[in-house]
Number of protein chains: 2
Amino acid sequence: MTERIPVLKLGDCLLVSIQTDIYDRLALILQDDLTSRIVETSARGVLIDISGLEIVDSFIGRVLGNVASMARILDAQTVIVGMQPAVAITLVELGVTWQHVETALNVEKGMELLGLRFQGRSEDLNVDVDRAE
Amino acid sequence: MTERIPVLKLGDCLLVSIQTDIYDRLALILQDDLTSRIVETSARGVLIDISGLEIVDSFIGRVLGNVASMARILDAQTVIVGMQPAVAITLVELGVTWQHVETALNVEKGMELLGLRFQGRSEDLNVDVDRAE
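In this text, all values refer to a predicted model and were calculated from it rather than measured experimentally.

Participant: Hey, could you run me through the overall build of chain A in this one?
Facilitator: When you go through chain A residue by residue, the secondary structure sums to four helices and five strands. Going from N to C terminus, chain A has its helices and strands arranged as β-β-α-β-α-β-α-β-α. Per-residue burial for chain A yields a buried fraction of 51% across its 133 residues. Once local pairs closer than 6 in sequence are excluded, the contacts in chain A between residues at least 24 apart make up 73%. Approximately 6,400 Å² of chain A is accessible, and the part contributed by carbon and sulfur atoms is 50%.

Participant: How should the sheet that holds strand β3 (residues 45–49) of chain B be read in this particular structure?
Facilitator: One key point about sheets: their strands pair by backbone hydrogen bonds, in either a parallel or an antiparallel sense. Residues and elements named next belong to chain B. Taken together, the five strands give an open sheet; going across it, the order is β1-β2-β3-β4-β5, and neighbouring strands pair in mixed fashion. With one partner strand each, in any of the chains shown, β1 (7–10) and β5 (101–104) form the two edges of the open sheet. Between one strand axis and the next, the sheet turns through 25° on average, direction left out of account. Relative to strand β4 (residues 77–81), β3 runs parallel, the two being bridged by five bridges. Within β4, the residue paired with G45 across the bridge is Q77.

Participant: Would you take a moment to explain the environment of A:T35 for this structure?
Facilitator: Residue and element names in this part refer to chain A. Topologically, T35 is positioned in helix α1 (residues 24–41). When its relative accessible area of 18% is taken as the criterion, T35 is described as buried. Sequence separation of T35 and E112 is 77 residues, and the distance between their C-alpha atoms is 22 Å. Ignoring sequence-local partners within four residues, the contact set of T35 consists of M70 and L74. A distance of 2.7 Å separates a polar atom in the side chain of T35 from the backbone oxygen of Q31.

Participant: Help me out: how do you make sense of the pattern of salt bridges in this one?
Facilitator: Side chains that differ in sign of charge can pair as their charged atoms come close. Residues and elements named next belong to chain A. Throughout the structure, instances matching the rule amount to eight salt bridges over all chains. For E40, the salt bridge goes to R37, with nearest N and O atoms at 3.6 Å. With a gap of three residues between them, E40 and R37 both fall in helix α1, about one helical turn apart. You can call E40 exposed: its relative accessible area is 59%. Given a relative accessible area of 23%, R37 falls into the partly exposed group. Note that R44 is salt-bridged to D75, the shortest N-O span being 3.5 Å. One end of the pair, R44, is in the loop between α1 and β3 (45–49); the other, D75, is in the loop between α2 (58–73) and β4 (77–81), and 31 residues separate them in sequence. On the basis of relative accessible area, R44 is assigned to the buried category, the value being 15%.

Reading the values: rules and limits
Residues numbered from 1 in each chain as written. Chains lettered and ligands numbered in written order. Predicted model: local features only at pLDDT ≥ 70, side-chain atom pairs only at ≥ 80, totals over all residues. Heavy atoms only, no water. Helix = DSSP H or I, 4+ residues; strand = E, 2+ residues; numbered from the N terminus. Buried < 20%, exposed > 50% of the residue type's maximum accessible area, 1.4 Å probe, protein only. Contact = heavy atoms within 4.5 Å. Areas by Shrake-Rupley, 256 points an atom, 1.4 Å probe, with all protein chains shown as cover. Pairing = 2+ DSSP bridges. Axes fitted to C-alpha atoms, helices over the stretch in contact; angles between N-to-C directions. Polar contact = N/O pair within 3.5 Å; in protein donor to acceptor, adjacent residues only side chain to side chain. Salt bridge = Lys/Arg side-chain N within 4 Å of Asp/Glu carboxyl O.

The structure is reproduced here in structure tokens:
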């Protein structure tokens, strides 16, 4: 059984919630999955929720940065949300710098950020409430 | 370190993505967390994504059913999404019956379902794209 982190499609965004303290191979699987899904779904935004992550090391920090750079090349904006204070401290202390990453406090603020960015292109993001009954 | 499954707030819905094959205590923690968050956030819908779940036993099946019943009493509708075929087979074979649960194939369809159900009350669900720059 291969462990996998589910990638959820929400309108034209992809949402990934990282919960277990991911080990190196899982991070690479996520990188592969996420980039394939971006291409498959023509996603314009990627939300990575790391509220379940209590520790982070330089490898994982770098993988997250790489995922964002790859998403950027594939024309999707990455927002990392839900970072715990300890993780922020560790990332700065490790000297991890992210090029193409925005951060937001929680998923909602992250989606707002993406909605704002994709203004006029994110109609799919709205839940279709006028579907005929 | 207590393992926890993050509960994400999306508009007036809560989204939980169950990834690890959850053991009994974690299921009970989730039950507590989710019901508290429903009250805290006045959520009207709960989406439980179980696409990462490859096996399920009767205990977990019952916990999911209970969570839905609790949510129902707290005035929130539960939709379980992303069920793998093997899990569906197991649930039927185990004779697990869910009273207050709807299912949908994926998160998007689940949100549509909730959007439809909460028609006119789910404005928050739409991402705010007209925020002034």
